[in-house]
Number of protein chains: 2
Amino acid sequence: MADGVGVVETETAVVFDGDRPLVLDSGAALARVEVAYETYGELAAAGDNAIFVCHALSGDAHAAGFHPGADRPGWWDNMIGPGRPLDTDRYFVICANVLGGCKGTTGPATADPATGRPYGLGFPLLAVRDLVTVHRALLERLGVGRLLAAIGGSLGGMQALQWALDHPGDLGGALVIAASGRLSAQNIAFSAVAREAIMRDPDFAGGDYYGRDRRPDAGLALARMIGHITYLSEESMRAKFGRRIQDAPEPRYGFDVDFEVESYLHYQGQSFVERFDANTYLYLSRTMDYFDPFADPVAVQRQVAAGDTRYLVLSFNSDWRYSTDHAREIAAELRLAGAPVTFREISAPHGHDSFLMPNPDYHRTVAAFVDRLASEA
Amino acid sequence: MADGVGVVETETAVVFDGDRPLVLDSGAALARVEVAYETYGELAAAGDNAIFVCHALSGDAHAAGFHPGADRPGWWDNMIGPGRPLDTDRYFVICANVLGGCKGTTGPATADPATGRPYGLGFPLLAVRDLVTVHRALLERLGVGRLLAAIGGSLGGMQALQWALDHPGDLGGALVIAASGRLSAQNIAFSAVAREAIMRDPDFAGGDYYGRDRRPDAGLALARMIGHITYLSEESMRAKFGRRIQDAPEPRYGFDVDFEVESYLHYQGQSFVERFDANTYLYLSRTMDYFDPFADPVAVQRQVAAGDTRYLVLSFNSDWRYSTDHAREIAAELRLAGAPVTFREISAPHGHDSFLMPNPDYHRTVAAFVDRLASEA
C-alpha cells in the first residue's frame, strides 16, 4: 500500500457568528459556531470530487495522516489516503469535528459568548440535522458545492443519512455504515446507563465542572467501559482475551484487575478520560437516542423524490450494537421511499468497531461504490 | 393452578461456630457462619424427597410463598408449590441464602467475631464450592441426607453443578439452568464494569460504609442497571418498551428520564439499592468470574465416576448473558467425563431472566426430570 496522507494539521473556521447565528432544529440558537476540520487531497477544478467524512461519537476531525510529531495516525487512516478506498489522489476528503464535540468545534465546553463561561448543560440539545447544518456551513466556507459523497460509521452514518434526506441535491452518494435509523430499547438502555454513570459522579457538578480541580473522570471512564463492551463482539473478546490473567500465570483472587479483559477496559476508560469531555458524551449520545429520520414516511418519500442520492448501507455480521437488522431497516425504509439503495452485510469479527478496521471486502465495497459515483458524476 | 405454599417465614441456623470454623477453599476461615433458610413441604419419613434450591446473585432464601403481610411471593413461587414443578405435596424443598449474601446468611455486612465490626472487604473471597459447603452444613443440621436434587439458575446452576462434582453421592440429580461453566471475556467484562461502578463511588469508602450516613447507592444502582440490560433479551426490551416515551405523547428532549426503558432501569436500580448490599454484589459476582469447575478434566472424570448424579442442563434461546453455547459446553464437558446428561434449549423470550419466568415447556421439562429422579430413587 502507498504511504498515507502524511503530516496534517487541524484547522478551524468560524461558520456562524454575529448577525448570522446558528438556529437549531429545536429553535434554540448558538450565536457563534467554530468548526475544527481537516482536508486531504485536492479539490478538483470542477469541484466535483469532494467527500465528507462524518465521525462517530468519540471521533474527531483528525481522520487521516499524522499530526506533527504524533506516532499514531488519524482514526480512519486505513480508509483515507493515496490508493485507499477514499483515494486522496482522486478525491478531496474533508472531516470536521461535530457540533457539540470537544475537539475544536463549538460544544458544551465552549464559552457562551453571552456569559463568557462554558455552556455546560446550558448548551442546547442537538439533533443530527444540526450537526449536518454545521458541516454544510463549513463546506460553504471552503467553496465546496455538491459532494460526491458523505460517509460515516455509527453516528457518522446517521449524519450521512440525515444529510441525504434533508438536502436533496447535496450528495451524489450517502454511505451509511454500522448505523441505526432508530435506536432500539436496548441501545437506549446502554446509553442511558453510560450517561447515568457520568451524571451520578459527584464531580459532575451538574455539568459545571470546567475549571474545577476535579472532573467526572470516574463516571466518564465507566461510560466508556460500558460502551466499549458493546462495540466489540463476544467472539472478538474471546479471541483477544479469553480468560487469561494479566501478567501472571495464576489468578490473584481479589477485586483488583486480574483478568486481561479487565485491564483492557481500565485502559480504555482511562485513556478516554484524557481525551474526551463528559458533557460531549452526554450530548452526542442523547442525540443518537432521539434520532428518528423515518418517523414521517410521507416526508421521507418527498425528500427522496427531490434528490438523486444513491445509498450504500453496510452492516457487519458481528455488530450487536447496531446489528444488521438496523441496517436492513434503513435500507427497507429508503427503498419504500423510492431511493436507489445497495445493502450489504460484511463478514467481519470486530463487532461495531469493524467499521474502523481494515477489511478487504469492506474496503473494496466502499471503493467500488465511490468510484461508481465518480464515474457517473 | 392450586394455591401456593402459603405464608412462610425465614429461619436461621448457626452451622459453623466455636471449635468448628468454616475453612474455605482458599484456606481462609470463618469462625462463625449463620444461614437463613426456608423450607416448603414435608420431609418424607425415608428422607428421600428433599430438593435444594440454589439462588442466583440477587436472590435470597425466600423462594416461595408469602412472608406475613407481604403482597409479593418469593422469587421462584411459580416453580415451587403444590402441583408446581417442584411439587411441595411430594417434595421437601429447601432454599438458603448463600454464604456472602446479605439476606440473613453470614457475609461482608456481618460483624467479624474477632473485631465486632462488619467484615467489609475483610471478608474472604469465596469459591462456588464454599457456598455448597455451607448448604451441606445446613442440611446436616436439618437431618437431610442425600438429596433428590439440587436445582438453580445462573449462579444457582453453578452451585448445583459444583455440588454434584465435589460430592458424589449427594445428589440424585443436578438441574443446571441458564448457567455457565466458564464465564466468557464479555461476561467478565460486564461484571467488572458493574463492580467498578460500586468501587468508584466515593461513598463506597473501601467497603467500610456500614453504619455511615451514606452508602454506595449510586454505584450499586448503576451496577444493577448494567446487569439488568444483560438479563433481558433485546427482543423482550423491544416488546416491553420499544421507543415509547414515559407518561407523555412527545419526547421532552433532555437528559432526564424520557424513554420508558430509562424509567424502568431507574426503578430497577433504585429498588435494588433498597434491598441489597454492595459488598455482596462484589463478592458473588467475583465468585462467578473465577468459577471454572472443568479446569482439570481428569479430576472431573474421577468426580463423575464416583457418583451417580443425573444432569439436566437447560438454556434459553434468548439468553445472551449465558447463551446456549455455555450450556452446550457444560453438557459436553460432563458427557466427556462420562456423566448422564440431558440437555435442552428452551424457547423463551425473556433472555437470562427466563429462568425465573413461568413457561409451560420449561416447567414441564423440570417437572418430568424431577419426577423421573423420584421414581428411580
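Every value quoted in this text rests on a predicted model; they were computed, and no experiment measured them.

## As for the pairing of strand E5 (residues 50-54) of chain A
Residue and element names in this part refer to chain A.
- In terms of burial, E5 is a largely internal element, five of the five residues being buried.
- Side chains of E5 alternate between two faces, with Ala50, Phe52 and Cys54 and Ile51 and Val53 buried alike.
- Bridging between E5 and strand E8 (residues 92-96) involves four bridges; their strand directions are parallel. In the strand pairing of E8, Ile51 is matched with Val93.
- Bridge count for E5 against strand E9 (residues 147-153) is four bridges, and the pairing is parallel. Residue pairing across strands places Cys54 opposite Gly152, the latter belonging to E9.

## Here we look at the interface of chain A and chain B
- Listed by partner, the interface residues are 51 residues for chain A and 51 residues for chain B.
- Summed over both sides, the interface of chain A with chain B buries roughly 4,600 Å², with 68% coming from carbon and sulfur.
- A salt bridge links Glu262(A) to Arg286(B), with the nearest nitrogen and oxygen atoms 3.0 Å apart.
- Inspection of the region where chain A meets chain B yields 22 residue pairs in polar contact (both at pLDDT 80 or more).
- Elements supplying a minimum of two residues to the side of chain A that touches chain B: helix H3 (185-199), helix H4 (217-231), helix H5 (234-240), helix H6 (260-275) and helix H7 (278-290) of chain A.
- A per-class count over the side of chain A that touches chain B returns 31 nonpolar, six polar and 14 charged.

## What about the sheet that holds E8(A)?
Residue and element names in this part refer to chain A.
- Here eight strands make up an open sheet; going across it, the order is E1-E4-E8-E5-E9-E10-E11-E12 and the pairing mixed. Each end of this open sheet is capped by a strand with a single partner; those strands are strand E1 (11-16) and strand E12 (341-346). Strand-to-strand, the axes of this sheet are offset by a mean angle of 25°, without reference to chain direction.
- Taken together, the five bridges between E1 and strand E4 (residues 33-40) define a ladder with antiparallel strand orientation. Counted as the bridge partner of Val14 is Glu34 from E4.
- Along the sheet face, helix H1 (residues 128-142) touches E1, E4, E5, E8 and E9 and points at about 110° away from the line of E1.

## A short note on the pattern of salt bridges
- Considering all chains together, one arrives at 58 salt bridges over all chains under this definition.
- When the shortest N-O distance is used, the salt bridge between Arg195(B) and Asp289(B) registers 2.7 Å. Residue Arg195(B) is found in helix H3 (residues 185-199), and its partner Asp289(B) is found in helix H7 (residues 278-290); the two are separated by 94 residues along the sequence. Summarising the burial analysis for this pair, Arg195(B) and Asp289(B) share the class buried.
- In this structure Asp289(B) comes out as buried when scored by relative accessible area, which is 0%.
- Several salt bridges converge on common partners, so that one network encompasses Arg182(A), Asp292(A), Glu329(A) and Glu333(A).

## A look at helix H4 (residues 217-231) of chain B
- Compared with the 21 Å implied by 1.5 Å per residue over 15 residues, the 21 Å span of H4(B) between its first and last C-alpha is a close match.
- The buried fraction of H4(B) amounts to 13 of the 15 residues, a majority that puts the element mostly inside the structure.

## Remarks on the domain arrangement of chain A
Residues and elements named next belong to chain A.
- Taken domain by domain, chain A holds domain 1 (11-182 + 292-376) and domain 2 (187-286).
- Each of domain 1 and domain 2 has a C-alpha centre, and the two are 26 Å apart.
- Of the roughly 2,500 Å² buried where domain 1 meets domain 2, counting both sides, 61% is carbon and sulfur surface.
- Broken down residue by residue, the surface that domain 1 buries against domain 2 is led by Leu57, Trp320 and Arg321, which jointly contribute 29%.

## Considerations on the relation of the copies chain A and chain B
- In screw terms, the move from chain A to chain B is a rotation of 180° and a rise of 0.0 Å along the axis, fitting with an RMSD of 0.0 Å. Taken together, the rotation and translation describe the operation of a two-fold axis.
- A share of 100% of the interface residues of chain A reappears at the interface of chain B, consistent with the copies meeting face to face through the same patch.

## A look at the side chain of Glu234(A)
- Tracing the backbone shows Glu234(A) in helix H5.
- By relative accessible area, Glu234(A) is classed as buried at 19%.
- If near-sequence neighbours (up to four positions away) are discounted, Glu234(A) is found in contact with Trp320(A), Ser184(B), Gln186(B) and His326(B).

## Here's the deal with the packing of aromatic side chains
- Under the definition given, this model contains 30 aromatic pairs over all chains.
- Aromatic pair Phe123(A) and Tyr283(A): ring centres 5.5 Å apart, planes at 90°, arrangement edge-to-face. Of this pair, Phe123(A) sits in the loop between E8 and H1 while Tyr283(A) sits in helix H7, and the two are 160 residues apart along the sequence.
- Consider the rings of Phe190(A) and Phe190(B), whose centres lie 6.1 Å apart with planes at 20°: the pair is stacked. Linking Phe190(A) in helix H3 with Phe190(B) in helix H3, this pair reaches from one chain into another.
- Given the relative accessible area of 3%, Phe190(B) is considered buried.
- Grouping aromatic residues by their ring pairs yields a cluster made of Tyr119(A), Phe123(A), Tyr283(A) and Phe255(B).
- Sitting above the plane of the Phe272(A) ring, Arg224(A) keeps its charged end 4.4 Å from the centroid.

## Observations concerning the sheet that holds strand E4 (residues 33-40) of chain B
Residue and element names in this part refer to chain B.
- The strand order E1-E4-E8-E5-E9-E10-E11-E12 describes an open sheet built from eight strands, whose pairing is mixed. Because the sheet does not close on itself, it has two edges, and the strands there are strand E1 (11-16) and strand E12 (341-346). Taken pair by pair, the neighbouring strands of this sheet meet at an average axis angle of 25°, ignoring direction.
- Here helix H9 (residues 324-336) sits on the sheet and contacts strand E10 (171-177), strand E11 (310-316) and E12; the angle it forms with E12, its principal contact strand, is near 170°.

## Concerning the confidence of the model for chain A
- Confidence in the prediction for chain A averages 97 pLDDT; 99% of positions are at 70 or higher.
- Reported confidences for the modelled complex are a pTM of 0.96 and an ipTM of 0.95.

## Here we look at the packing of helix H1 (residues 128-142) of chain B against helix H2 (residues 155-166) of chain B
Residues and elements named next belong to chain B.
- Axis separation between H1 and H2 bottoms out at 9 Å; the angle between their running directions is 75°. With respect to H2, the axis of H1 lies roughly perpendicular. Residue-level inspection shows Val128, Arg129, Leu131, Val132, His135, Arg136 and Leu139 of H1 in contact with H2, the latter providing Leu155, Met158, Gln159, Gln162, Trp163 and Asp166.
- Here the residues of the contact of H1 with H2 are counted per class, giving seven nonpolar, three polar and three charged.

## Observations concerning unusual backbone geometry
All names here are of chain A.
- A positive phi is found at Ala205, a non-glycine position, where the angle reads about 50°.
- Phi at Asp247 is positive, roughly 55°, even though this residue is not glycine.
- On the secondary structure map, Asp247 appears in the loop between H5 and H6.
- Under the relative-accessibility criterion, Asp247 is labelled exposed at 71%.

## Thoughts on the environment of Leu232(B)
- Of note, Leu232(B) is situated in the loop between H4 and helix H5 (234-240).
- The spacing of Leu232(B) and Tyr119(B) is 113 residues in sequence and 33 Å in space, taken between C-alpha atoms.

The rules we used
Residues numbered from 1 in each chain as written. Chains lettered and ligands numbered in written order. Predicted model: local features only at pLDDT ≥ 70, side-chain atom pairs only at ≥ 80, totals over all residues. Heavy atoms only, no water. Buried < 20%, exposed > 50% of the residue type's maximum accessible area, 1.4 Å probe, protein only. Helix = DSSP H or I, 4+ residues; strand = E, 2+ residues; numbered from the N terminus. Pairing = 2+ DSSP bridges. Contact = heavy atoms within 4.5 Å. Buried area = accessible area lost by both parts, 1.4 Å probe. Salt bridge = Lys/Arg side-chain N within 4 Å of Asp/Glu carboxyl O. Polar contact = N/O pair within 3.5 Å; in protein donor to acceptor, adjacent residues only side chain to side chain. Nonpolar A, V, L, I, M, F, W, Y, C, P; charged D, E, K, R; others polar. Axes fitted to C-alpha atoms, helices over the stretch in contact; angles between N-to-C directions. Expected span 1.5 Å × (residues − 1). Domains from an automatic or database assignment. Least-squares fit on C-alpha atoms with pLDDT ≥ 70 in both. Phe/Tyr/Trp six-rings, centres within 6.5 Å; stacked < 30°, edge-to-face > 60°. Lys NZ or Arg CZ within 6 Å of the ring centre and 35° of its normal. pLDDT = per-residue confidence, 0-100. Parallel < 35°, antiparallel > 145°, perpendicular 65-115°, else oblique.

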